[in-house]
Amino acid sequence: MIEWPMLVVSGMLGSAHCLGMCGPFALAVGTGAADWRTNLRRQMAYSVGRIFTYAVLGAGAAFAAARAMRVLPTWTNVPAALAVAAGVLLVWQGLAAAGVLRRRGVGAGAGCPGAGAFKRLLTARSVVDVFLAGLFTGLLPCGLLYGMLAYAASRHDLVEGAAAMAAFGAGTVPAMAGVGLGGSLVAVATRRRLHHAAAWCLVATGAVSIVRGASFLTLPGGPAPGCPFCAADGADRGAPTR
Amino acid sequence: MVDPVSASCAYCGLPVVAAPDDGPRYCCFGCRFAASITDAGGETGASRWTMTRLGLAVFFTMNVMVFTMLLWSQRDAATDEPAATALYALARHACLLFSAPVLLLLGGPLFADAAREVRQGRPAASVLLAVGVAAAYALSVHAVLTDAGHVYFEVGCTVLVAVTLGKWLEASGKLRTTEALRALRALLPDRVLRVAACGDEEVPLSAVAIGERLRVLPGERVPTDGRIVTGRSAIDERTVTGESVPVTKGPGDLLASGTTVVDGMLVVEVTAAPGSGTLEQLIGAVTAAATAGCRRQRLAERVAAWFLPLVTASAVAAFVVHGAGAGWTREGIAAGTLAAVAVVVVSCPCALGLATPMALWAAIGAAARRHVLVRDGDAFTRLAAASTFCFDKTGTLTTGIGVHEVAVLDGGLEREPLAVAAALAAGSTHVLARAVATEAARRGLDIVAIEDLHVVPGHGIEAVLADGTPARLGSDRWIAAAIGEAAPTVADDARPSCTLAIGDHAACRVTFDESIRPEAAAAIAALAADGAEVWLLSGDRAGRARAVAAALDIRWQAPLLPAEKLAFVRGRPGSVMIGDGINDAPALAAADVGVALGCGADVSRWTAAICLLRDDLADLPWLVTLARRADKTIRWNLLWAFGYNAACIPLAAAGLLHPAVAAAAMLASSVLVVTGSLALAGCADDPPALSETADVAVEMGRVPA
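All residue numbers refer to position in the chain's written sequence, counted from 1. Numbering of ligands from 1 and lettering of chains from A proceed in the order in which they are written. In keeping with the predicted nature of the model, local features appear solely for residues at pLDDT of at least 70, side-chain atom pairs appear and are counted solely at 80 or more, and the whole-chain, interface and lining totals rest on all residues. Side-chain numbers here rest on the full set of heavy atoms in the structure, without hydrogens or water.

Just give me the short version of the overall build of chain A, but keep the residues and values in it.
Secondary structure elements follow DSSP: runs of H or I no shorter than four residues count as helices, runs of E no shorter than two count as strands, and numbering proceeds from the N terminus. Secondary structure assignment for chain A yields eight helices and zero strands. Taken from N to C terminus, the helices and strands of chain A fall in the order α-α-α-α-α-α-α-α. Relative to its 242 residues, chain A shows a buried fraction of 50%. Contacts: residue pairs with any heavy atoms within 4.5 Å of one another. A sequence separation of at least 24 residues applies to 79% of the contacts in chain A between residues at least 6 apart. The Shrake-Rupley method, run with a 1.4 Å probe, gives the accessible areas here. Residue values count only the displayed protein chains as cover. Looking at chain A as shown, the accessible area adds up to about 10,700 Å², and 69% of this sits on carbon and sulfur atoms. Buried residues are those whose accessible area, probed at 1.4 Å on protein chains only, stays under 20% of the maximum for their type, while exposed residues exceed 50% and partly exposed ones sit between those limits.

Structure (C-alpha cells):
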C-alpha cells in the first residue's frame, strides 16, 4: 500500500508547486476574515470545497475507467494501461516542475468571462460562498490534477477513485491554509527546496504507477493490478464490486 | 416597428430581435440571469445570492452525479445481495434528496422565462427545455415513489446547471465584446457644473439644454459640443480625432464632446443637446454598423428562424418513435423522453445566433479602440477579400503639405491675395486648402469676409467677396478656363500649385511642398507582400504622380478627374479606395470598400465605410488583418454551429446521446463560439502588419514589386 501515503505527500509537497496559481485565491479568502480563527474557518471551508470537487472528479474518472473496461474489447488490461498513462503524466509533471523538462508558455488568451463572479465568491463574508469558491477552484485546469485524475481512473472503483483524490486534496491543505493564514510562514528558500522535493516525489509516484501498470499490462481483462511492492494483496484490492 | 439601433439588450448591448415588453429588454435568458448578478452594483445581497444559488446548484448536482454513478455501478454489477439492494435504494433516494434543491434553485428562472415566451405567443427554447426538465423530474419521482423503473434526476440537474451556466457564460462573453464601445461612452461625465446667476450648480448632464453655459475644469472631459465663452486651454482631442498633440483653443472656438481640457478652466456654451455631441455621433455610427450586421449574419438569422421548429419536430418525433417502438411502456416513454430532452439540450441555437454578431462586434470594437471607425459591417467583411488597393495621392500617400511660395500675379490689388485665398480655403478640408489657411494664419493675416461659398469637387472653391466680386481658388487649369485665359504650361513634375482669381484676373499662384507619409512605404509593402495590387490614382499632374508611385514602387494613373477615379474603381471588383474623405467622396462610395483619412470628427460628412481617424496608414494593413481574422472566425463559428447541430441532433434523436452528455456538449459548443469571438476583441494591440514577409521587406528598406 505504498501509494496512499505517497498521494498525501504528493499533495502536500505538490501544493508548494501549485501555490503560484492557487496561493492568491487562498490569500483572497483570508481578506474577508476579521481574526485568525475566522480566517482558519474560511480556509478550511475553502479546502473542503476543493477536496469535494477533487473527490467527485476522482469518482467520475474511476467510474468512466470501469465502464471503459467493460465496453472496450479485452485486448489489454484497461486499468493497467490507465495506470501507465497516469504514471507518464505524473512523471512528466514532476520533471517539468523540477526543471528537467521545459514547459511551453501559455498565452494570455481572452480570459475567463466568469472571473468576476468567482472573485466575488472568494471574498464573500459567508462561509458557504467560500466553500463554493473552493468547489469551483477544484475545476480549474491543472496539469498536476490531471495526472492525479488519471491515477484515480486507474483505480477503476468509484469509492477508491474518490478516496485517492481526497487523499491528494487533503495533502494540499497545510500549504494552502498556511499561505492563506500567514502569507509567508515558509521562507522563499525553503519553499524552493520544498518545490524541488515535491517535483521528485511526483516523479516517484508516477514511476510506481508505471511499474504497477506495466506489470499487469499483459494480462488482458485480468484482475485489477495491485502495487508491485506489496503484490501479496494486489490481486484482491480494487476488484469491481460484484 | 422596433428601432433597430435602440432595440438593444439591457445587459450586453447586442440587438434584441424579440418584440419589446415591459421593463428592460434582454436578448437571451443568459443576459437576464447575468444582469441579476451584476445589476445593482454587483455587491448587493440579491446579486450575491444569485451567484450562491448557481454554486449550490453545482454542489448538489455533483452529489447527484456521484449517487447516479453508484446506481449505474450497481446496475452494471447486477447483484441481488441484500446489502447491494439496500445501497441501490439508498442511492435512488439520495438522488431525489439532492436533486430537489437544484430544481428549486435554478428551475425558477428557466420556468419564468418559458412562461414569458408563452405569454408573448412565441414559445421558444426555454419552453422546450422547461418541458424536458419537468418530464425528467416527473418520471424519476414516480420511479422512486413506486420503487420501479429507472431514475433520471441527473438529467434534470445537469440540464439546469449546464443551460444556466452556458447562457451566463455567453452573456458575459457578449458583454465583453461590446466593452470597447461602452468604454468610449463612459468617457462622458454623468454630472456637470452649470453656470447660473446664483453661482455654479451641479446637475445631471441630461438636464442641460442648448444655449446654457457649463464650467469645465482642468482635466475634465467636455460633456457635450460647445463653444468657448471665456478661458483658454490646451485641448486633447485624441478621443475623437486620434491626434495626440493637444491644440490650444480660446473664446469662440468649438469644442467636441469627449475631448479633454488639459490646463485651463473654460466656460462653454452648449451647442449640441447631450447625447448628440461629436463623440456620441461617432459611437452611434459604429453601433449602427455593428447592429446592422453583415450578409453572413443575415444568412444565419434566416436559418435560425427555421431552427427552432426543426428542433421541436425532431424532439417530438424522437419521443413518438422511441415510445411507440417500445409499445408505450414505462421504459419506452422514458427512452422517448430522454431522447427528446437530449435533442433539445444538445441543439445550440445560440451558436447560430451568436456566431456572427459576437465576432463582428468584437472586431468593430477593437477597431474603434484603435481609432478606426467602421460604419458598414458588410464593407468590413468585404475588406477581408480585397485584392486591389487604390490610393489617392495628395493627403493620403503624402502629407506635410506646406506653402512653398506665394507668387503675386497682379500687383495692383488692394487686398492681400493670401487673405482672400485663406477665406475661400476655410470652406474646404482639402489638404491644399488647409495649407493655405495655415500659411495665412502664420503670417497673421486677417480673414476677408466672403459669402455664397461653395466647393466644386475636383476643381476648387468659389465665393463672392463683400463688394460683389467673384473669387475662385483652385487648380491652375480650372482657373485659367474660368477667366478665359490659356491654360498655363507647367513642367510635368513641378510642385503642386493652385491659383487665386479675383474677378477676371489671376491674383496669385501658390505652390506647395509635399512629402510622402513616413508610414506609407511600410503599409504599401505589407499590402503588396500579401499579393494585393496597389494603385496610385491622382488628380495631380502625371509627373508628380509618377514620382510618388516610383518611390513607393506601385502602379499609377494620373491625371484623373473624380469621375475617372470612379470609373476605375467600378471596373475592378474587390477594390478598396483609400482617400480624402471629402475630395474622393464619389470613388470612396463606389468602391467595394471606401477607407477615408482626414474625415475629421463630423460623422455627417463621412462618405466612406471606414475611417482612419488617426490619419495613420499603418492602421490599414492592421485593419485588413483584423477583417480577415473576423471573417475567418465568423466562418469557423458558422461552420461549427451548422456542423455541430447537424451531427449531434440526429445522434440525440436516435437515443445515442445521454442528455447529461448532450448538456456538456452544448456547454462546450457555446464556450467555443464565445472564446473564439472574444479573442478578436484583444486585437487592438496587435502590430500593424499583414505577414512576417512584409515586416522583413520593410525592415530591409526594400519595397516589393
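Having seen it, we continue.
Tell me about the overall build of chain B, residues and numbers included.
The number of helices and strands found in chain B is 23 helices and 22 strands. Partitioning the contacts of chain B with sequence separation of at least 6, the portion at a separation of at least 24 is 67%. Element-wise, carbon and sulfur atoms account for 60% of the exposed surface of chain B, whose accessible area totals about 29,000 Å².

Report on the nonpolar core, specifying residues and quantitative values.
Here the nonpolar core consists of buried residues drawn from Ala, Val, Leu, Ile, Met, Phe, Trp, Tyr and Cys, with membership extended through side-chain atoms lying within 4.5 Å. The biggest cluster of nonpolar side chains holds 90 residues, and the ones touching the most others in it are A:Tyr46, A:Leu122, A:Leu135, B:Val102, B:Val159 and B:Val346. Residues within four places of A:Leu122 in sequence aside, it is in contact with A:Phe25, A:Ala28, A:Val29, A:Arg42, A:Tyr46, A:Val130 and A:Ala133. Residues B:Ile364, B:Ala545, B:Ala630 and B:Ala681 belong to the second largest nonpolar core, which totals 66 residues.

Explain the sheet that holds strand E6 (residues 247–249) of chain B residue by residue, including any values.
Pairing is antiparallel in the open sheet, where three strands are placed in the order E6-E5-E8 (chain B). Strands with a single pairing partner mark the edges of an open sheet, and in this sheet they are E6 and strand E8 (260–261) of chain B. Note on pairing: DSSP must find at least two bridges between two strands before they are called paired.

Give a detailed account of the pairing of strand E21 (residues 593–597) of chain B, specifying residues and quantitative values.
All names here are of chain B. The element E21 is largely enclosed, with a buried count of five among its five residues. Side chains Val 593, Val 595 and Leu 597 of E21 all project onto a buried face; the interleaved residues Gly 594 and Ala 596 project onto the opposite face, where all are buried too. In the sheet, strand E20 (residues 575–580) pairs with E21 via five bridges, with the strands oriented parallel. Note that in E21 the partner of Gly 579 across the bridge is Ala 596. Looking at chain direction, E21 and strand E22 (residues 610–612) are connected through three bridges and run parallel. Opposite Val 595, over in E22, you have Ile 610 as the bridge partner.

An account of the sheet that holds strand E9 (residues 266–270) of chain B is requested, with residue identities and associated values reported.
Residue and element names in this part refer to chain B. If you walk across this open sheet you meet the six strands as E2-E1-E3-E9-E4-E7, and the pairing is antiparallel. Because the sheet does not close on itself, it has two edges, and the strands there are strand E2 (199–204) and strand E7 (254–255). Of the strand pairs in this sheet, strand E1 (residues 191–196) and E2 are connected by six bridges, and their pairing is antiparallel. Bridge pairing in E2 links Ala 196 to Gly 199.

Describe the packing of helix H10 (residues 330–346) of chain B against helix H22 (residues 659–681) of chain B, with residues and values.
Residues and elements named next belong to chain B. It is at 8 Å that the axes of H10 and H22 come closest, and there the two elements cross at 5°. Classified by the interaxial angle, the pair formed by H10 and H22 is roughly parallel. Taken together, the residues of H22 that come into contact with H10 (itself represented by Leu 338, Val 341, Ala 342, Val 345 and Val 346) are Pro 659, Ala 662, Ala 663, Ala 665 and Met 666. Lines are fitted to the C-alpha atoms to define the axes, a helix being fitted only along its stretch in contact, and any angle between axes, read from their N-to-C directions, falls within 0 to 180 degrees. Here the angle decides the label: under 35 degrees means roughly parallel, over 145 means roughly antiparallel, 65 to 115 means roughly perpendicular, and every other value means oblique.

Outline the packing of aromatic side chains, supporting the account with residue identities and numerical values.
Two aromatic rings, drawn from Phe, Tyr or Trp (for Trp, its six-membered ring), form a pair once their centres lie within 6.5 Å of each other, and the interplanar angle then sorts them: stacked below 30 degrees, edge-to-face above 60, tilted otherwise. In total, this model carries eleven aromatic pairs over all chains according to the counting rule given. Centre to centre, the rings of A:Tyr54 and A:Phe168 are 5.7 Å apart; their planes meet at 45°, and the pair counts as tilted. Note that A:Tyr54 is positioned in helix H2 (residues 36–71) and A:Phe168 in helix H7 (residues 158–182), a separation of 114 residues in sequence. A centroid spacing of 5.8 Å and a plane angle of 35° characterise the contact between A:Phe63 and B:Trp72, whose relative ring orientation is tilted. Highlighted residues: A:Phe63 in helix H2 and B:Trp72 in helix H2 (residues 45–77), drawn from two different chains.

Let's hear about the pattern of salt bridges: which residues, and what values?
All names here are of chain B. For salt bridges, the criterion is a side-chain nitrogen of Lys or Arg within 4 Å of an Asp or Glu carboxyl oxygen. In total, this model carries 18 salt bridges over all chains according to the counting rule given. A salt bridge links Arg 443 to Glu 439; the shortest N-O distance between them is 2.9 Å. On the accessibility criterion, Arg 443 (42% relative accessible area) is partly exposed. Asp 619 serves as the salt-bridge partner of Arg 614, at 2.8 Å between the closest nitrogen and oxygen.

Mind laying out the pairing of E1(B), listing which residues take part and the relevant values?
All names here are of chain B. Linkage of E1 to E2, two consecutive antiparallel strands, is achieved through a turn of two residues. Bridge count for E1 against strand E3 (residues 213–216) is two bridges, and the pairing is antiparallel. Within E3, the residue paired with Arg 194 across the bridge is Leu 214.

Pulling in residues and values, what's your account of the environment of B:Arg477?
Residue and element names in this part refer to chain B. Secondary-structure assignment places Arg 477 in helix H16 (residues 476–482). Looking at Arg 477, the relative accessible area reads 55%, which means it is exposed. Separated by ten residues in the primary sequence, Arg 477 and Ala 487 have C-alpha atoms spaced 5.4 Å apart.

Lay out the environment of B:Val151 with the relevant residues and their values.
All names here are of chain B. With respect to the helices and strands, Val 151 occurs in the loop between helix H4 (125–146) and helix H5 (153–177). By relative accessible area, which is 6% here, Val 151 ends up buried. Between the C-alpha atom of Val 151 and that of Ala 334, which follows or precedes it by 183 residues, the distance is 9.3 Å. In this view, Val 151 contacts Leu 71, Arg 92, Ser 140, Ala 143 and Val 144; residues no more than four positions away in its chain are not counted.

Tell me about unusual backbone geometry, and name the residues and values.
All names here are of chain B. With an omega dihedral of -10°, the bond running from Ala 558 to Pro 559 counts as a cis peptide bond. Secondary-structure assignment places Pro 559 in the loop between strand E19 (555–557) and helix H19 (562–570). One non-glycine residue, Trp 328, lies in the positive phi region at around 55°. Assignment of secondary structure puts Trp 328 in the loop between helix H9 (295–325) and H10. By relative accessible area, which is 44% here, Trp 328 ends up partly exposed.

Describe the confidence of the model for chain A, listing the residues and the values that go with them.
Scored by pLDDT, chain A comes out at a mean of 71, with 62% of its residues at no less than 70. A residue's pLDDT is simply how confident the predictor is in it, with values from 0 to 100. Contacts of residues 104–112 of chain A to residues separated by more than four positions or lying in other chains number five contacts, the stretch itself having pLDDT below 50.

Could you give an account of the state of the cysteines, naming the residues involved and the relevant values?
When the sulfur atoms of two cysteines come within 2.5 Å, that pair is taken as a disulfide. For the structure on display, the rule yields zero disulfides over all chains. Summary of cysteine pairing: B:Cys508 is not part of a disulfide, and the nearest cysteine sulfur, belonging to B:Cys498, is at 7.4 Å.

Please give an account of the side chain of B:Glu439 that cites residues and values.
Residues and elements named next belong to chain B. Along the polypeptide, Glu 439 turns up in helix H15 (residues 431–442). Assessed through its relative accessible area of 8%, Glu 439 is described here as buried. Reaching out from Glu 439, the side chain makes a polar contact with the side chain of Arg 443 at a distance of 2.9 Å. Beyond its immediate sequence surroundings of up to four residues, Glu 439 is in contact with Val 403 and Leu 418. Between N or O atoms, a polar contact is any pair within 3.5 Å; within protein, one atom must be a potential hydrogen donor and the other a potential acceptor, and residues adjacent in sequence are included only when both atoms are from side chains.

Describe helix H17 (residues 520–529) of chain B, with residues and values.
All names here are of chain B. Of all ten residues in H17, seven are buried; the element is thus mostly enclosed. Residues of H17 that are buried: Ala 520, Ala 523, Ile 524, Ala 525, Ala 526, Leu 527 and Ala 528. Just beyond H17, the residue with positive phi is Gly 531, at close to 95°.

Give me helix H5 (residues 127–137) of chain A: which residues, what numbers.
Burial analysis of H5(A) places nine of its eleven residues in the buried class, which makes it a mostly covered element. All of the buried residues along H5(A) are A:Asp129, A:Val130, A:Phe131, A:Leu132, A:Ala133, A:Gly134, A:Leu135, A:Phe136 and A:Thr137.

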